[in-house]
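# Coordinates in review
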Amino acid sequence: MRHIISILMENEAGALSRVAGLFSARGYNIESLTVSPTEDPTLSRMTLVTWGNEEIIEQITKQLNKLIEVVKLNDLSDGKHIEREMMMIKLKAVGDQREEVKRLVDIFRGKIIDVSESSYVVEMTGATSKLDAFVETVAKELIVEVVRTGPSAIARGVSGLRL
């Protein structure tokens, strides 16, 4: 099962490499990883997506909690949460393709953020499944490059990952 683990950690050099090292040493895979500062400049928030059964996820969370830099963590997959991912995709767009690409971008509520004579760069935000569907819908020969952030997520309601 896919799990999104949100980690509040000290904002210091080497913290990210220790988390990655923990996964590497135990043979766990990180599907995506995003890190950004929080409202407190001494803390960062890491959103990590991984796969595993309940025993593996329990082991991962226990090992993460042992790291000195980890202040608090939450497996968001355990409760209701909102997740979004951002993608930029560069598409060939020449002649009749330009209108077809524009139509698809509109259907998926994306935004063309760069235009050249032969290509468009499209920005799209949403659930991972939406971005996957867009990539599957676009003709493969039109795709030049795809860049994705991986999901960021937050718990619904009044609870939050805070000190």
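Residues numbered from 1 in each chain as written. Predicted model: local features only at pLDDT ≥ 70, side-chain atom pairs only at ≥ 80, totals over all residues. Heavy atoms only, no water.

With that settled, consider the pattern of salt bridges. Counted by the stated rule, this structure contains ten salt bridges. Residues glutamate 83 and arginine 2 are paired through a salt bridge, measuring 2.9 Å at the closest nitrogen-oxygen approach. Here glutamate 83, found in strand S5 (residues 81-92), pairs with arginine 2, found in strand S1 (residues 2-10); they are 81 residues apart in sequence, far enough to count as distant. (Salt bridge = Lys/Arg side-chain N within 4 Å of Asp/Glu carboxyl O. Helix = DSSP H or I, 4+ residues; strand = E, 2+ residues; numbered from the N terminus.)

Our focus in this paragraph is the environment of serine 119. Structurally, the position occupied by serine 119 is in strand S7 (residues 119-126). Judged by its relative accessible area of 12%, serine 119 is buried. Measuring from C-alpha to C-alpha, the distance between serine 119 and valine 94 comes to 7.0 Å, with 25 residues separating the pair along the chain. When sequence neighbours within four positions are dropped, the list of residues in contact with serine 119 reads Lys90, Leu91, Lys92, Ala93, Arg98 and Asp114. (Buried < 20%, exposed > 50% of the residue type's maximum accessible area, 1.4 Å probe, protein only. Contact = heavy atoms within 4.5 Å.)

Under the definition given, this model contains two aromatic pairs. Taking the centre distance of 6.1 Å and the plane angle of 75° together, the rings of phenylalanine 23 and tyrosine 28 count as edge-to-face. Since its relative accessible area comes to 1%, phenylalanine 23 is described here as buried. Given a relative accessible area of 21%, tyrosine 28 falls into the partly exposed group. A centroid spacing of 5.2 Å and a plane angle of 80° characterise the contact between phenylalanine 108 and phenylalanine 134, whose relative ring orientation is edge-to-face. (Phe/Tyr/Trp six-rings, centres within 6.5 Å; stacked < 30°, edge-to-face > 60°.)

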